[in-house]
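Observations on chain architecture
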Amino acid sequence: MNARRRQHGPIMLIILGTLFLGAGAATGIFTSGKSIESLRKEVGKMQLDEPRRDRVHELLDQWEAIAEPASHGFDEYGQAVLGLVARQDASREEFQSVLNRQREELELTEGKLLPVREALRETLEEEEWNRLFQ
């Protein structure tokens, strides 16, 4: 029975994340759906000149430096929400406080990630972009 309960935790986290922050956060707004390492490998297979390849790797490093702490923050947020859900006496204000803090962190992270994404988009041609992210 305990193993069964443990399986519900991640599912509950995904559901709560989707409800409170939208599907983007729950499905990986901070990543492309692929690991940064797999993106690096794919870049290595592409026929990019050295300056562009170096620039793409630099941007992926920046992406990772921004996304990794944010993903840890999202894990902490999920634990905080699950902790509140488990408490019968948790107030709406407590939920609102946790949710507002996560929204602020998400906005800050998006503000950092979007310029990196834009720089990457400007560095790659459409065909290269599609190869990397599909």
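Below is a short write-up of the structure.

Cut-offs used in this document
Numbers given to residues run from 1 along each chain, matching the order in which its sequence is written. Only residues with pLDDT of 70 or above have their local features reported here, since the model is predicted, and side-chain atom pairs are shown and tallied only from 80 upward, although totals for entire chains, interfaces and linings are computed over all residues. Excluding hydrogens and water, the side-chain values take into account all heavy atoms of the structure. Salt bridge criterion: a side-chain nitrogen from Lys or Arg within 4 Å of a carboxyl oxygen from Asp or Glu. Every helix listed is a DSSP run of H or I at least four residues long, and every strand listed is a run of E at least two residues long, numbered separately from the N terminus. Relative accessible area decides the class of each residue, using a 1.4 Å probe on protein chains only: under 20% of the type maximum gives buried, over 50% gives exposed, and in between gives partly exposed. The convention used is that axes are lines fitted to C-alpha atoms, helices contributing only their stretch in contact, and that angles between N-to-C directions extend from 0 to 180 degrees. Oblique is the label for every angle not falling under 35 degrees (roughly parallel), over 145 degrees (roughly antiparallel), or within 65 to 115 degrees (roughly perpendicular). By the definition used in this description, the sense in which the near helix is turned from the far one sets the handedness, with an anticlockwise turn below a right angle giving left-handed and a clockwise turn giving right-handed. Gly counts as polar in this scheme, as do all residues outside two lists: the nonpolar Ala, Val, Leu, Ile, Met, Phe, Trp, Tyr, Cys and Pro, and the charged Asp, Glu, Lys and Arg. Nonpolar side chains (Val, Leu, Ile, Met, Phe, Trp, Tyr) within 5 Å and like charges within 9 Å form the patches, drawn only from residues with over 30% relative accessible area and no salt bridge. All accessible areas in this document rest on Shrake-Rupley with a 1.4 Å probe, and a residue is counted as covered only by the protein chains that are shown. By the counting scheme adopted, Arg and Lys are positive, Glu and Asp are negative, and His together with the chain ends is not counted. The atoms used to mark charge sites are NZ of Lys, CZ of Arg, CG of Asp and CD of Glu.

Enumeration according to the criterion identifies 10 salt bridges in this entry. The partner of Glu128 in a salt bridge is Arg52, and the shortest N-O contact between them spans 2.7 Å. With Glu128 in helix H6 (residues 126–133) and Arg52 in helix H4 (residues 50–86), the pair connects residues that are 76 residues apart, well separated along the chain. Assessed through its relative accessible area of 12%, Glu128 is described here as buried. Its salt-bridge partner being Asp89, residue Arg87 comes within 3.1 Å of it at the nearest N-O pair. Of the residues examined, Arg87 reaches a relative accessible area of 34% and is grouped as partly exposed. Among the charged side chains, a network of salt bridges with common partners joins Glu37, Arg40, Asp61 and Glu64.

With that settled, the discussion passes to the environment of Lys41. Relative to the helices and strands, Lys41 resides in helix H3 (residues 36–45). C-alpha separation for the pair Lys41 and Leu132, spaced 91 residues apart in sequence, amounts to 9.6 Å.

The N-to-C vectors of H4 and helix H5 (residues 92–123) enclose an angle of 170 degrees; their axes lie 10 Å apart at closest approach. When the axis of H4 is compared with that of H5, the two are roughly antiparallel. Along this stretch, H4 crosses H5, giving a crossing that reads as left-handed. Here the residues of the contact of H4 with H5 are counted per class, giving 19 nonpolar, 5 polar and 6 charged.

The next thing to look at is a negative patch on the surface. There is a patch of like negative charges on the surface, built from Asp75, Glu76, Glu104, Glu105 and Glu107. For the negative patch, the element with the highest residue contribution is H5, accounting for 3 residues. Here Glu105 shows up in helix H5. A relative accessible area of 36% means that Glu105 is categorised as partly exposed.

Purely spatial values, then, with no claim about function.
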